[in-house]
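Survey of secondary and tertiary structure
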Amino acid sequence: MTRPQLPLTRRSFLAGSAVAGLAAITGCGAPAASGPPALPLRPGPMTLDLAGTGARTWGYGTVPGPEIRLRAGELLRVRVQNGLPDDTTVHWHGLAPPNAMDGVPGVTQRPIAPGGEFLYEFRTPVPGSFMYHAHVGMQLDRGLYGPLVVEPRDEPLAYDREHTLMLDDWADGVDEHRGHAGGEPGTPAVPDAREVVSFGGRRYPFLLVNGRPPEDPAVVEGRPGDRLRLRVMNVAADTGFRFAIAGHPLTITHTDGMPVEPVTVDALRLGMGERYDVLVDLRQRGGTWQIGVQPEGRPGQGRAVLRYTGSPASATPPAESRPAELDGRLAGYDELLATEPLPVPTGSPDRVFDLTLEGTEINGQSYPDADPLPVADGEWVRLNLRNTGAKWHPMHLHGHHFQVRTPSGRGPVKDTVAVPSRGGEVSIDFLATNPGRWLFHCHNHHHMEDGMVRLVDYGR
Ligand SMILES: [Cu+2]
């Protein structure tokens, strides 16, 4: 997709907002009077080629969908033209748009009917690595997702090339006995179940990187001496991933798009909805190196490959080759230090909610039969999350960034946080500065469909 280029005056921004409000009310995406041309996004039925196996699915033309790339402060204008035989919406995961643009059917907008259109239009002041995806039922478990990158006005990092890698578990449109992800639900990867990190239990026959199975891997290319920036995003429904590159350490610079002090690790762990930006120095002389993508808590492996320019295709590692780095050093949230912490005041928060995650219930309730979490504009809000169940839950807050509370006092700023199982606790703070009704939910889509959702509600 092309990048909208027009810097807007304040006047045209306000005009655009008025149009956006109209679109939200009418649900028909009225054409804007000004601003850059809207990018078309056309969800519809399609076939995804999985190394020769055709998978009938729904997507935005390709899987992942087209990259949307803007510069900080620009106006995102996307006209969704629904070619699906079902209602749809688009959610901008990690961005904090006005509430009416958040893409949650029945909460922030009427769903877009088959054949209908909707114009999403809002400013994107905060740079980072984000995703867009459908937010109706289990549509995201198909191919209805894509990357969204907001570049800073002045890039502080130096690198030669960048690549985005979207990690996914896949079952749509394929015979479930095909594929090579392997393993039945509950098959322990290690003997002691207490040690298993599992974000879900369903069987997904394929593990994909950028829509490609291990037999036909995505290729990341660079020259010796290059520094790569990788934007690694977990868009799976039910699978947490471990990510590592054979022979190449990873330097984390951002989590969920927000900057942290650089820390070098062997591997990443990503719950569903989480993203990490890493820098990778190509210090080998050449060759083709396995990028291992291993599901947490179950067998199988997805992969991509890192190919030094000029290396022969015959040098590609076998699909099942497993980088030893997958067992190497990870960085926990405690080790990540925000370089731009939230401006939380001193003292204590205005509101504290203690939320116990039990199975797929939150404090014994399942959405929509669940109490909203009331907040008021300007408040400092704390969520204390405790997970008594056996699955890790990646909890995602719409419309806000939050700060993970860690001993350093400078924990990472994120929008999705993985709460460990069996008594795991995570505490997060956010500033209620974006009025509306916002979902707070588990990003395991099956858990979300089961009602593992609350509304953060500013009231009226
Ligand atoms: Cu969950």
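Okay, so let's go over this structure. Sequence order as written defines residue numbering, which begins from 1 separately in each chain. The predicted origin of the model limits local features to residues at a pLDDT of at least 70 and limits the giving and counting of side-chain atom pairs to 80 or more, whereas totals for whole chains, interfaces and linings rest on all residues. Just so you know, side-chain values use all the structure's heavy atoms and leave hydrogens and water out.

1. Considering the coordination of the copper ion
Here is the rule we go by: Distances up to 2.8 Å from the metal define which N, O and S atoms are donors, and 3.2 Å serves for Na, K and Ca; water is absent from the atom set, so sites may look incomplete. In this scheme, a residue with accessible area under 20% of its type's maximum is buried, one over 50% is exposed, and one in between is partly exposed, where area comes from a 1.4 Å probe on protein chains only.
Summarising the metal site, the copper ion is bound by the protein donors His 393 (ND1), Cys 442 (SG) and His 447 (ND1), whose distances to it range over 2.0 to 2.1 Å. Linear spacing of the donor residues for the copper ion on their chain is H-x48-C-x4-H. Here Cys 442 matches His 447 in class, with each residue buried.

2. Looking at the sheet that holds strand β28 (residues 416–419)
Adjacent strands of a sheet form backbone hydrogen bonds with each other and so pair up, either parallel or antiparallel. How we decide: One requirement defines pairing of two strands: DSSP has to find at least two bridges between them. Helix and strand definitions here come from DSSP, where helices need a minimum of 4 consecutive H or I residues and strands a minimum of 2 consecutive E residues; each element is numbered from the N-terminal end.
Judged by pairing direction, the sheet is mixed, and its five strands sit side by side in the order β23-β31-β30-β25-β28 without closing on themselves. Each edge of the sheet is formed by a strand with only one pairing partner; in this case those strands are β23 (373–374) and β28. Two strands pair when backbone bridges link them, and β23 and strand β31 (residues 453–457) are joined in this way by two bridges, in the parallel orientation. What sits directly across from Pro 374, in β31, is Asp 457.

3. As for the pairing of strand β10 (residues 161–170)
Among the ten residues of β10, seven are classified as buried, and the element is accordingly described as predominantly covered. Note: β10 against strand β13 (residues 227–234), seven bridges, orientation parallel. Residue pairing across strands places Leu 167 opposite Asn 234, the latter belonging to β13.

4. Here's the deal with the environment of Ala 158
Mapped onto the fold, Ala 158 is located in the loop between β9 (145–151) and β10. Spatially, the C-alpha atom of Ala 158 lies 7.9 Å from that of Arg 227, the residues being 69 residues apart in sequence.

5. A look at the packing of aromatic side chains
The following threshold applies: For Phe, Tyr and Trp, rings pair up if their centres lie within 6.5 Å, where Trp contributes its six-membered ring, and each pair is then called stacked (planes under 30 degrees apart), edge-to-face (over 60) or tilted (otherwise). Two thresholds decide whether a charge sits over a ring: the Lys NZ or Arg CZ must be within 6 Å of the ring centre and within 35 degrees of the ring normal.
Applying the stated criterion across every chain, the model contains six aromatic pairs. An angle of 50° between the planes, with centres 5.6 Å apart, marks the rings of Phe 199 and Trp 392 as tilted. Residue Phe 199 is located in the loop between β10 and β11 (206–209), and its partner Trp 392 is located in the loop between β24 (380–387) and β25 (393–397); the two are separated by 193 residues in the primary sequence. Each member of the pair, Phe 199 together with Trp 392, is buried. Here the aromatic residues Tyr 60, Trp 92, Phe 118, Tyr 120, Phe 122 and Tyr 132 are joined through ring pairs into a cluster of three or more. Sitting over the face of the ring of Trp 58, Arg 142 holds its NZ or CZ atom 4.1 Å from the ring centroid.

6. Some remarks on the sheet that holds strand β7 (residues 117–123)
For clarity, the cut-off: As a rule, the C-alpha atoms of each element are fitted with a line to give its axis, helices using only the stretch in contact, and angles between N-to-C directions run from 0 to 180 degrees.
A sheet is described by the order of its strands in space; here three strands give the open sequence β1-β5-β7, paired in mixed fashion. Both edges of this open sheet fall to β1 (39–41) and β7, since each of them pairs with a single strand only. Between one strand axis and the next, the sheet turns by 25° as a mean value, whatever way the strands run. Two elements, β1 and strand β5 (residues 75–81), share three bridges in a ladder whose sense is parallel. If you follow Leu 41 over to β5, its bridge partner there is Val 80.

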